[in-house]
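Listed here are the chains, written in short residue letters.
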Amino acid sequence: MTREPTRKRAATIEHWTRMHIADLAETCSGTTPSRTRSDFYGGTIPWVKTGELLDGTIEDSEEHVTEIALRETALRLLPVGTLLVAMYGQGQTRGRTGLLACDATTNQACFAILPNPTLDTSFLQFWFRHSYERLRSETEFRGGSQPNLNGNVLRREIVPVPPLAEQQRIAARLREELTAVAQARAALEAQLAAAEALPDACVREDALDPETTHQPIREVMREVTKGIGEAWRNQPVLGATRAGLAPAKEGVGKHPGRYKPVTPGTVFYNPMRILLGSIALVDEGDTPGITSPDYVVMRGREGVLHPVWFYQWFRSSAGAEFIKSLTRGAVRERLLFNRVAPGLVPVPPWPRQLATVERIRAATALRTALAARLAEVEKLPAAILHAAFNPAIHEP
């Protein structure tokens, strides 16, 4: 996209007027009408809360108040174009904004900046999005149980203000660029979801193949949880989580008989957390190690059940149903080896398993690449806003 020469933009921003928000526009906040008055709620007037401020436009609200509430309380009907800033709220809410696309009222946690003929509030919204982390950090240590913004802090905020035409031009350009980023992000998220769903779909399709047999796990495994051996110093300790293989912990000293070796081709899980999906695979290229004797360890027979195929099936929706069927009636719904061993697992023909494993590996590689691209795209909004309000950093 075309940009103005850097030096010209830098010179321009240096000559923007810097104003306190209190001098730039009229401000106010809202209130919460008494919940004991049923005639205050259920009307047609939008009543916005901070959780609805998501740095976009607001066309309606979750709750509505009545004309009676508007007359008998401190509520103020704010016009279209009013910029709302969340002064407090859980998680990431504090500092988020919303631009009214309808007349509305707010609760007391929303700081409102009303539009006027010299101010494009969409430009101001982009400024607040650019200043989000700074505003939050400046209020992080204000004291109290929860850091908050307040009206005094926000009214003292200094904003660089160009002429109205320049505000509108900048806002239009940022809207276009950030919309393009949002579209790119949505496309990547859709591709990532498809890549994540592919392995599950592959193993479910294999399980339904007419040539697939169903055999007890103990007959297709060369080992189920029996191989407890010695743990030597500096062997990494591995675990299973919802995401799969947990990061290795530091090695342990020598403890004969207290740990299980987990080498490539091993599938293992935590019996106490199996319903949460705590299943892991030590695959080719993974560092072998040891794991706690609390885990159930399985190794498939070569040429019968491929560990990657079995791992993917075990974590799939079909595997989840299998696990639930075996844990019914168990103490605390644990899936110990004596319960899993007789369970029937689908065993597709070996060539089909190998073909599916190749598809799973390709999907995994694609997922990794897409996730990396998505992470880069997610950085773009901050970079675009930073460039818009700090052009002087781009010296030729």
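Caption draft 1: Main features of the overall build of the protein chain. For the protein chain, the count of helices and strands is 12 helices and 22 strands. Burial analysis of the protein chain (396 residues in total) assigns 46% to the buried set. Considering only intrachain contacts with a sequence separation of at least 6, the fraction spanning at least 24 residues in the protein chain is 75%. For the protein chain, the accessible surface area stands at approximately 20,300 Å², while carbon and sulfur atoms represent 53% of it.

Caption draft 2: Representation of the packing of helix α7 (residues 164-207) against helix α9 (residues 307-315) within the structure. At a minimum axis separation of 9 Å, α7 and α9 run at an interaxial angle of 100°. Looking at the two axes, α7 sits roughly perpendicular to α9. Listed contacts from α9 to P199, D200, V203, D206 and A207 of α7 are W309, Q312 and W313. Classifying every residue of the contact of α7 with α9 gives 5 nonpolar, 1 polar and 2 charged.

Caption draft 3: The sheet that holds strand β12 (residues 221-224), seen in detail. Within the open sheet, the 4 strands sit side by side as β12-β21-β18-β19. Their pairing is antiparallel. Edge strands, defined here as strands with exactly one partner in the open sheet, are β12 and β19 (279-282). Pairs of neighbouring strands in the sheet enclose a mean axial angle of 20°, with direction left out of account. As paired strands, strand β18 (residues 266-269) and β19 are joined by 4 bridges and run antiparallel to one another. Across the sheet, residue Y269 finds its bridge partner in β19, namely I279. Across the sheet, α9 is in contact with β12, β18, β19 and β21 (296-300); its angle to β19 comes to roughly 165°.

Caption draft 4: Main features of the packing of aromatic side chains. Applying the stated criterion to the full structure yields 11 aromatic pairs. For the ring pair F310 and W313, a centre distance of 6.4 Å and an interplane angle of 25° mean the geometry is stacked. Placement of both F310 and W313 in helix α9 is noted, with a separation of 3 residues, approximately one turn of the helix. Look at W313 and you get buried, because its relative accessible area is 3%.

Caption draft 5: Helix α12 (residues 350-389), seen in detail. Under the 1.5 Å per step criterion, the end-to-end length of α12 is 60 Å for 40 residues, consistent within 8% with the ideal 58 Å. Along α12, the sharpest kink reaches roughly 30°, centred on L380 and followed within four residues by the proline P381.

Caption draft 6: Fine view of the sheet that holds strand β8 (residues 105-106). If you trace the 3 strands from one edge of the open sheet to the other, you get β5-β3-β8, paired in mixed fashion. Here the strands that pair on one side only, and so sit at the sheet edges, are β5 (63-65) and β8. Where strand β3 (residues 41-48) meets β8, 2 bridges bridge the pair, whose relative direction is parallel. Bridging from a neighbouring strand, W47 pairs with T105 of β8.

Caption draft 7: Layout of the side chain of T105. You can see T105 is positioned in strand β8. On the basis of relative accessibility, which here comes to 0%, the residue T105 falls in the buried class. Filtering out sequence-adjacent residues up to four positions away, T105 remains in contact with I45, P46, W47, V48, V65, L70, L75, R76 and L77.

Caption draft 8: Here's a closer look at the environment of M221. Along the polypeptide, M221 turns up in strand β12. Taking the C-alpha atoms as reference, M221 lies 5.1 Å from R301; in sequence the two are 80 residues apart. When near neighbours in sequence (up to four residues on either side) are disregarded, M221 contacts M298, R299, G300, R301, L305 and F310.

Caption draft 9: Fine view of the pattern of salt bridges. One pass over the structure, following the stated rule, counts 21 salt bridges. When the shortest N-O distance is used, the salt bridge between R96 and D55 registers 3.5 Å. You can see R96 sitting in the loop between β6 (83-86) and β7 (97-100) and its partner D55 sitting in the loop between β3 and β4 (56-58), a full 41 residues away along the chain. D209 is the salt-bridge partner of R352, the closest N and O atoms lying 2.4 Å from each other. Residue R352 is found in helix α12, and its partner D209 is found in the loop between α7 and β11 (213-216); the two are separated by 143 residues along the sequence.

Caption draft 10: Structural context of the side chain of D200. Counting through the fold element by element, D200 comes out in helix α7. Here D200 falls in the buried class, since its relative accessible area comes to 19%. For D200, the residues in contact, after removing those within four places along its chain, are Q312, S316 and S317.

Caption draft 11: Spatial organisation of helix α4 (residues 121-130). Burial of α4 is extensive: 8 of the 10 residues sit out of reach of the surface. Buried within α4 we find T121, S122, F123, L124, Q125, F126, W127 and F128.

Caption draft 12: Up close: the nonpolar core. In terms of nonpolar packing, the biggest core is built from 37 residues, with I113, L124, F128, L174 and F389 touching the most fellow members. Secondary structure elements with two or more residues in this core: α2 (21-24), β6, β9 (110-113), α4, α6 (151-156), β10 (158-161), α7 and α12. Residue contributions to this core peak at 8 residues, all from α7. If we ignore the near neighbours within four places in the chain, the residues touching I113 are I21, A25, E26, T27, G81, T82, L83, V85, L119, T121, L124 and F128. Counting residues in each nonpolar core, the second largest holds 28 residues, with I217, I274, I279 and V345 among its members.

Parameters at a glance
Residues numbered from 1 in each chain as written. Predicted model: local features only at pLDDT ≥ 70, side-chain atom pairs only at ≥ 80, totals over all residues. Heavy atoms only, no water. Helix = DSSP H or I, 4+ residues; strand = E, 2+ residues; numbered from the N terminus. Buried < 20%, exposed > 50% of the residue type's maximum accessible area, 1.4 Å probe, protein only. Contact = heavy atoms within 4.5 Å. Areas by Shrake-Rupley, 256 points an atom, 1.4 Å probe, with all protein chains shown as cover. Axes fitted to C-alpha atoms, helices over the stretch in contact; angles between N-to-C directions. Parallel < 35°, antiparallel > 145°, perpendicular 65-115°, else oblique. Nonpolar A, V, L, I, M, F, W, Y, C, P; charged D, E, K, R; others polar. Pairing = 2+ DSSP bridges. Phe/Tyr/Trp six-rings, centres within 6.5 Å; stacked < 30°, edge-to-face > 60°. Expected span 1.5 Å × (residues − 1). Bend = angle between axes of the 7 residues up to and from the residue. Salt bridge = Lys/Arg side-chain N within 4 Å of Asp/Glu carboxyl O. Core = buried A, V, L, I, M, F, W, Y, C linked by side-chain atoms within 4.5 Å.

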